[in-house]
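Structural overview
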Amino acid sequence: MITSYLTIKCAGFVCYSNALIVRRLDREFHGCMLSLIGSPSHVKAMSALIYSGDWDCRVSDNNDNSFDLLFSGSIRTCRTRKIGEVVNKVLVATGFNAFSDHATVFGPDLPTVQERAFRRVDKATTIPLKPQWQEWLWETMISPEKLYSFGGEDFQEAYLVNIPCDETLESHALEAIKTGEIQ
């Protein structure tokens, strides 16, 4: 199996990426998650530039396709690992964390993504949810938006989902129970 990587360039520094999730808005590409791989100094410098918010990164693949990547809002490091002489650092936009009203969910296939979205909403709400409501939740409550994703098998499907507030979720669930849409 040949592993492919994206090339990430920013202010003269070069790193590689084995996983990337991006939201496209008009002609802009907003990063949700980026896995940087490279020398310790390049990963550290590029991370600092991304954290500052003053620099866009140029992303390109092996087919000479490229786009500018920017991160909106603040960024957090999800994980940093040194593997031999190489560092792998995973950056996540904080607008998609456990306390946000949006979340990025991804997985190898759509059913896995739908299950993860259900668990994410279930974790965020005080409203008791039944696993049987997973499809209803996906279709009516969380407005899934397909994202661009690059990476291995776990990154085949990626979506941005809205996390409804308790009041909205409760009123819609009660109405759906009343009409027999869910049980």
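Attention here is on the structure that accompanies the text. (Residues numbered from 1 in each chain as written. Predicted model: local features only at pLDDT ≥ 70, side-chain atom pairs only at ≥ 80, totals over all residues. Heavy atoms only, no water.)

What about the overall build of the chain?
Helix and strand counts for the chain come out as 4 helices and 11 strands. A principal-axis box enclosing the C-alpha atoms of the chain has dimensions of 60 × 35 × 35 Å. Among the 183 residues that make up the chain, the fraction classed as buried is 42%. Partitioning the contacts of the chain with sequence separation of at least 6, the portion at a separation of at least 24 is 57%. With an accessible surface of roughly 10,400 Å², the chain has 50% of that area assigned to carbon and sulfur atoms. (Helix = DSSP H or I, 4+ residues; strand = E, 2+ residues; numbered from the N terminus. Buried < 20%, exposed > 50% of the residue type's maximum accessible area, 1.4 Å probe, protein only. Contact = heavy atoms within 4.5 Å. Areas by Shrake-Rupley, 256 points an atom, 1.4 Å probe, with all protein chains shown as cover.)

A few points about the sheet that holds strand β9 (residues 145–146)
Working definition: the strands of a sheet are paired by backbone hydrogen bonds and lie parallel or antiparallel to each other. Strand order in this open sheet of 3 strands is β8-β11-β9, and the pairing throughout is antiparallel. Only two strands of the sheet have a single neighbouring strand rather than two, namely β8 (102–107) and β9. As defined by bridge partners, β8 adjoins strand β11 (residues 157–162) across 6 bridges and the pair is classed as antiparallel. Within β11, the position partnered with G107 by the bridge is E157. Contacts between helix α2 (residues 110–124) and the sheet are confined to β8 and β11, with β8 contributing the most and set at about 145 degrees to the helix. (Pairing = 2+ DSSP bridges. Axes fitted to C-alpha atoms, helices over the stretch in contact; angles between N-to-C directions.)

Some points on the side chain of H30
Position of H30 among the secondary structure elements: in strand β3 (residues 28–38). Within polar-contact distance, the side chain of H30 engages the side chain of E28 at 3.1 Å. (Polar contact = N/O pair within 3.5 Å; in protein donor to acceptor, adjacent residues only side chain to side chain.)

Topic: the pairing of strand β6 (residues 75–83)
For β6 and strand β7 (residues 86–93), the ladder comprises 8 bridges, and the chain directions are antiparallel. Opposite R76, over in β7, you have V92 as the bridge partner. Here β6 hands over to β7 after 2 residues, with G84 in that stretch at a positive phi of 65 degrees.

A word on the pairing of β7
In terms of residue burial, β7 counts as a mostly covered element, since 7 of its 8 residues are buried. Both β3 and β7 contribute to a ladder of 6 bridges, which runs antiparallel. Directly across from M33, in β7, lies its bridge partner V92.

A short note on the environment of A176
Here A176 shows up in helix α4 (residues 166–179). Given the relative accessible area of 2%, A176 is considered buried. In the structure, A176 is positioned 40 residues away from W136 in sequence and 9.0 Å away in space, judged by C-alpha atoms. Ignoring sequence-local partners within four residues, the contact set of A176 consists of W136, E181 and I182.

Describing the nonpolar core
Ranked by internal contacts, the top residues of the largest apolar core, which has 23 residues, are I8, L20, L34, L36, M46, I50 and L69. Those elements that place two or more of their residues in this core are β1 (6–10), β2 (13–25), β3, α1 (40–52), β4 (57–60), β5 (66–70) and β7. Top contributing element to this core by residue count: α1, with 4 residues. Core analysis: the next-biggest nonpolar cluster, separate from the first, contains 21 residues, V105, F118, W133 and A176 among them. (Core = buried A, V, L, I, M, F, W, Y, C linked by side-chain atoms within 4.5 Å.)

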